[in-house]
Amino acid sequence: MRPQIQLLLSFVAVIFFLGCEGEKRKTKADRIAEDQYFDGAAVSSLSDLKNEIGDAPTDFLRLFKDDPIPWQAWNSSITDKARSCQAPILAFVVSSLDGGCRDTALKICANKELLSLLKDNNVCTIIDIHANPEIGLLCYYLANEARQQIGFPMLIWMSHEASPLGWIPIENLKENNLKSVIENWALMVNQTWTESSDYAVINSRRASKDRQNRLDLMVPEAEKDINRNNLFFRKARQVVSLYDPISRSIDGAGGLVPSSALELLVKAYLSPQMPEGIRKRAREGISSVISAVEEGAIHDPLDSLYFYARRSQDWSLPAFSKDLGTQAQYASALIHCGQAINDPNLINSGTKIIKILKEDWLNNNYTNESSLLEKDVPGVFLWDWIALEKTLNPAEIKLAALLFNLKKSGNIPLVSDPTSKFFRLNNLSYPNDLREIATSLSSTPEEIRLRLEKVINKLKEHREDTGAIFRETQVSAQDRAQFCLAQLANWTTTGSSFDLADAIASANVLRNEHRPDGKRLMRFPSSSKVRARGADYARAVLAGVRIHQATLDPEWLKWSIALTHEALEHLSTEERPLIQETPAEDRVIPLHLYNLSMVFSESTLGLFDQAVSKIAALNEDEKITSLRNRLGRTLSTSCERLPIIHTDFISSCSLGNDPLVAVLSGQFENASFQTLLREINAPEFISFIVIRDDHESKLLTPLPEFERPSTATGITLLRGEKIIGQASDIAEFRKLLQQALLQKE
C-alpha cells in the first residue's frame, strides 16, 4: 500500500476513534454496513442476467454466445446493470487477432470454482478491441501504469461507474497459473467491494481523475506553431540514425512490422535536403530491414502474407496473427520502397500482397486471421517433427528442412527463447536460396520450386484441417481505407486504369456502405450499429484525399472535408478540441482517450495530420487549418521525446508549413495528362507536394494570376501566392521540384 494511503487511513482511524469515544464498540457487520456506497438493497440480481452476445458486432464475440457466463453487451447500459445489482463490472477484454482468448475463456468456463467466482460476484461483459479499439488503448495505458506487459485477454474490474478497480493480463497462462491468478485478483476485488464499496468507488473515481490528468499531459500543446520542414529534417535524420546494420532493424526492439518507419526512410532518401550520408544510410536501411523481414518467420511462406508483429528482437518469433491493415500497409511500403530505390522485386512483392488480399481476403470479407488454440500448438504456425512426419513424406521433410532450416530440436534461436519454451518447435522462416538448394540436391531451381509448392500445399492443408484457424469477417472502415491506399500505391506503379478503378471502388464502399445515410461514418458496414472511431475517420479522410490527388475529382475532396467536420463534431469538444477515439455517446469509461502514438498501428492524430495538411493546401476551411495547426503543436512536443513512435507525423511534415502545390494544366481526357498525373503521384513527388488542376472552383483556394504552360499538358509549381516555375514533362518537373525543396520556405 502506498505511504500516502496508509497515512490517510491512519488519519481516518484516529478521527473515527475520537468521534466514537464513550460509545459502545460497533460490530464488524455494523462497520461494514457504514462503509457501503449504496444506501438500499439491490433492485436486480446477478442471477437474472442472460448472455447478450448472440447479436454482438463481431464474429469473434459471437463465439462466446453459449458460454455459461452471462456476458453482457459493452455499452452504456452496463453501468445501469451494475448499479442495479450493486456489483462491480468485470470486463473480459479480447482481441480477435489473438484467437487464443477463446481458449482462455473455455478454460475459465470449465472450472466450476472460477466460473462461480466470476459470474456470481460481477456483472460480466466481454469487449473485442476490433469493435472497440479505444479499450485496447485503455489496456495499453493500464498495463503501462502497472508496469505490466500488455496482452490479451485482459481482465479489468470496474466500479458501477466504469472506473477501473484492478486489472491483469492473462495471456498465455497455463491452467493452474490461470486459476490462481484469477482467484487472487477476484477474491481481493470481491472482498474490498463487499466490505467497503464506498472505499472502492471513491478511490477508483479519484484514480480515474488522476489517470485523465496523466493522459492529458501526454498531449501537451506548444505555445507557437512549429517549423514543420525543420522538424522533418531533424527527426527523419534521427530515425535514420537508429538503423542498425547488424540487427537489420530500425529501433532494435520487438514490435510491429515497421511499415511507417520504412515510409519515413523513403522520404528521407528522396529528400534533396538530406546530407548524402543520411540518404545513403536510409537506402541501406530500406534494403536491409526488408530483407530481414522477408527472410524471417514473420513472412509466412504458406500464403505469402505477414504476421502483424514479432515477439522478439529479431524476426524469428512472430505474434502468429495476421490482419488486413498490416498487410495493406506493408504492401504500400514495399511498393514505395521499390519505387524509391528502383527495385522491381520490392514492387512485385507489394503488388502480390494486394492481389492476395483482393482475391482471398476481401472477396470473403476477411479482416484478420488467428488460431483459436494456444498460439504455439504444433501444426498450426509452429511445427515439431511429429506434425511434420504426419504431413510430409521423408523426401518432402528433407526438402522442407533445407528450405526452412527445420531441426528436430527446433530452430527458434536461444536469444529469442532463453527459457527453451519452444524447444523442439520450428518456425517457417525462408532465408535460403532456391538455387543453392537445387545445386546441393543435384536438381534445377524450377524442379525445386515445383516440389516446394507441393510441400507448402500439404502444410497449408494440415493447418486448415486442425480447425484452429479463425477469420473475422467484419471489415472496419480504417482497414478498408488502408487497403484503398495500397491499391493507389499499386496504380502508381502499374499505370493500369483497372487498378485505379479498384481503389475508387474501395473508397465507394467507405462512402456508401460505411456511411449509408451520408451523415455518420460507421466502423463496420451498414448492417452494424457500431459508430466509427477516431482511427476510422483518420484513414477514411486520408483515403478520400489521396483519391482526389489521383483523380482530381472535386467530389472526393468535398467528401474528405465533410468527413473531417463530422469527426470534429462527434469526437471533439470546445474544451478538448483534439480528436478523441470514442464518440461521446459510446464513452462508457469516464476517460477521454487520444491515439497519438503508434501503439497498435499508425496513430489517429498522425494520420489526421497527413490528411488535413493536404486539404489545408487546397481549401481555406478555417476549422481544418486550425486542426492542422493544433495537431502540429501537440504532436511536435511528443515527437521530441520519442520520434520512433511518431514516424507517421514526421512523414507528414515533409510537406512543410506552406506546402508546394503542383497545378496541372491540360485536358484530363488526354493520355499525356493522365500519365503525368500518375507520375507525380509517385512517392518521389507526392511526398513533398499537393496536386490540383487549374480550374477555378469555390472548393479550391483561388490561384494567383499566371500564364498557363504553352504545351498541351504542363505543371505550374506554387508556394502560396509565389510562382516557383513551370514544367512540361516529368523530367523538367523533377529538376524544378528539387530546386524548390532546397529553397527555404
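Residues numbered from 1 in each chain as written. Predicted model: local features only at pLDDT ≥ 70, side-chain atom pairs only at ≥ 80, totals over all residues. Heavy atoms only, no water.

A look at the overall build of the protein chain
Here's step 1: Tallying secondary structure elements over the protein chain gives 27 helices and 15 strands in all.
Here's step 2: In summary, the protein chain has a C-alpha radius of gyration of 28 Å against a globular reference of 27 Å for 745 residues, a match within 12%.
Here's step 3: Structurally, the protein chain occupies a C-alpha span of about 100 × 70 × 45 Å along its principal axes.
Here's step 4: For the protein chain, with 745 residues in total, the buried portion stands at 56%.
Here's step 5: Of the contacts formed within the protein chain by residues at least 6 apart in sequence, a portion of 70% connects residues at least 24 apart.
Here's step 6: Side chains of the protein chain give 84 positive and 96 negative charges; the mean places of these two sets differ by 3 Å. (Helix = DSSP H or I, 4+ residues; strand = E, 2+ residues; numbered from the N terminus. Rg over C-alpha atoms; globule rule 2.2 N^0.38 Å. Buried < 20%, exposed > 50% of the residue type's maximum accessible area, 1.4 Å probe, protein only. Contact = heavy atoms within 4.5 Å. Lys, Arg positive; Asp, Glu negative; His and termini not counted. Charge placed at Lys NZ, Arg CZ, Asp CG, Glu CD.)

A closer look at the nonpolar core
Generally speaking, a soluble globular protein has its nonpolar side chains buried in company with each other.
Here's step 1: Phe92, Val93, Ile156, Ile689 and Phe733 are the most contacted members of the largest nonpolar core, which has 204 residues in total.
Here's step 2: Take this core: its biggest share by element is 10 residues, from helix α12 (residues 324-341).
Here's step 3: Phe733 has contacts with Ala662, Ile680, Phe685, Ile689, Ile715, Leu717 and Ala727, leaving out every residue within four places of it along the chain.
Here's step 4: Judged by nonpolar contacts, the second largest core, of 22 residues, contains Ile397, Leu399, Leu406 and Leu428. (Core = buried A, V, L, I, M, F, W, Y, C linked by side-chain atoms within 4.5 Å.)

Let's talk about empty space enclosed by the protein
Here's step 1: Taken as a whole and assessed by the stated rule, the structure comprises 8 cavities of 30 Å³ or more.
Here's step 2: The volume enclosed by the largest cavity comes to roughly 520 Å³.
Here's step 3: Surrounding the largest cavity, 26 residues form its lining, Glu263, Lys267, His336, Arg546 and Gln610 being those nearest its centre.
Here's step 4: The set of elements that each furnish at least two residues to the lining of the largest cavity consists of α10 (259-270), α12, α18 (477-494), α20 (534-551), α22 (604-618), α24 (647-652) and α26 (683-686). (1 Å grid on protein atoms, 1.4 Å probe; cavity = no way out; pocket = protein on both sides within 12 Å on 5 of 7 lines; lining within 4 Å. Points joined across faces, edges and corners; volume = space filled by probe spheres on them.)

Section: the side chain of Asp499
Here's step 1: With respect to the element layout, Asp499 can be found in helix α19 (residues 497-512).
Here's step 2: Although Asp499 lies buried, it forms no salt bridge, and the closest oppositely charged side chain, Lys358, sits 6.3 Å away as judged by the N-O distance.
Here's step 3: A polar atom in the side chain of Asp499 sits 2.6 Å from the side chain of Thr494.
Here's step 4: Sequence-distant contacts of Asp499, defined by excluding residues within four places in its chain, comprise Gln487, Asn490, Trp491 and Thr494. (Salt bridge = Lys/Arg side-chain N within 4 Å of Asp/Glu carboxyl O. Polar contact = N/O pair within 3.5 Å; in protein donor to acceptor, adjacent residues only side chain to side chain.)

A few points about helix α8 (residues 175-217)
Here's step 1: For α8, built from 43 residues, the straight-helix expectation of 63 Å at 1.5 Å per residue is missed by more than 12%, its first-to-last C-alpha distance being only 40 Å.
Here's step 2: Of all the bends found along α8, the most pronounced is centred on Ser196 and spans about 115°. (Expected span 1.5 Å × (residues − 1). Bend = angle between axes of the 7 residues up to and from the residue.)

A look at the environment of Lys322
Here's step 1: If you trace the backbone, Lys322 turns up in strand β9 (residues 322-323).
Here's step 2: Classification of Lys322 by relative accessible area gives buried; the value is 1%.
Here's step 3: Considered as a pair, Lys322 and Arg678 are 356 residues apart in the sequence and their alpha carbons are 31 Å apart.
Here's step 4: Beyond its immediate stretch of four places on either side in the chain, Lys322 contacts Leu97, Asp300, Asp303, Leu305, Tyr306, Phe307, Gln327, Trp361, Thr367, Asn368, Glu369 and Arg463.
Here's step 5: Of note is the side chain of Lys322, whose polar atom sits 2.6 Å from the side chain of Asp300.

Some thoughts on the packing of aromatic side chains
Here's step 1: One pass over the full model with this rule turns up 15 aromatic pairs.
Here's step 2: When the centroid spacing of 5.7 Å and the interplanar angle of 65° are considered together, the rings of Phe668 and Phe673 count as edge-to-face.
Here's step 3: A relative accessible area of 2% means that Phe673 is categorised as buried.
Here's step 4: These aromatic residues form a ring-pair network of at least three members: Phe60, Phe64, Trp71, Phe92 and Phe470.
Here's step 5: The side chain of Arg102 reaches across the aromatic face of Phe64, ending 4.6 Å from its centre. (Phe/Tyr/Trp six-rings, centres within 6.5 Å; stacked < 30°, edge-to-face > 60°. Lys NZ or Arg CZ within 6 Å of the ring centre and 35° of its normal.)

Brief notes about helix α21 (residues 554-571)
Here's step 1: Over its 18 residues, α21 extends 25 Å from the first C-alpha to the last, a length consistent with the 26 Å expected when each residue adds 1.5 Å.
Here's step 2: Looking only at α21, the buried set comprises Trp556, Leu557, Trp559, Ser560, Ile561, Leu563, Thr564, Glu566, Ala567, Leu568, His570 and Leu571.
Here's step 3: Those residues of α21 that are buried lie in contact with α19, α20, α22 and α23 (622-641).
Here's step 4: Of the residues flanking the start of α21, the one acting as N-cap is Asp553, its side-chain oxygen 3.0 Å from the backbone nitrogen of Glu555.

So, the confidence of the model for the protein chain
Here's step 1: In the predicted model, the protein chain carries a mean pLDDT of 91, and 95% of its residues have values of at least 70.
Here's step 2: Residue range residues 1-24 is modelled with pLDDT below 50. Its contacts to residues more than four positions away, or to other chains, number 5 contacts. (pLDDT = per-residue confidence, 0-100.)

Comments concerning the sheet that holds strand β11 (residues 469-472)
Here's step 1: As summarised here, the arrangement of the 3 strands in space is β9-β10-β11, forming an open sheet in which the pairing is antiparallel. In this open sheet, the two edge strands, each paired with only one partner strand, are β9 and β11.
Here's step 2: Here strand β10 (residues 368-371) runs beside β11; their pairing, made up of 4 bridges, is antiparallel. What sits directly across from Asn368, in β11, is Glu472. (Pairing = 2+ DSSP bridges.)

As for the packing of α18 against α19
A packed helix pair is summarised by two numbers, namely the angle formed by the two axes and the spacing between the axes.
Here's step 1: The contact between α18 and α19 brings their axes to 8 Å, and the two run at 165°. Relative to α19, α18 is oriented roughly antiparallel. At the point where α18 passes α19, the crossing takes the left-handed sense. Residue-level contacts link Ala477, Arg480, Ala481, Phe483, Cys484, Gln487, Leu488, Asn490, Trp491 and Thr494 of α18 to Asp499, Leu500, Asp502, Ala503, Ser506, Ala507, Val509 and Leu510 of α19.
Here's step 2: In terms of residue class, the contact of α18 with α19 is made up of 11 nonpolar, 4 polar and 3 charged. (Axes fitted to C-alpha atoms, helices over the stretch in contact; angles between N-to-C directions. Parallel < 35°, antiparallel > 145°, perpendicular 65-115°, else oblique. Left-handed = near helix turned anticlockwise from the far one by under 90°. Nonpolar A, V, L, I, M, F, W, Y, C, P; charged D, E, K, R; others polar.)

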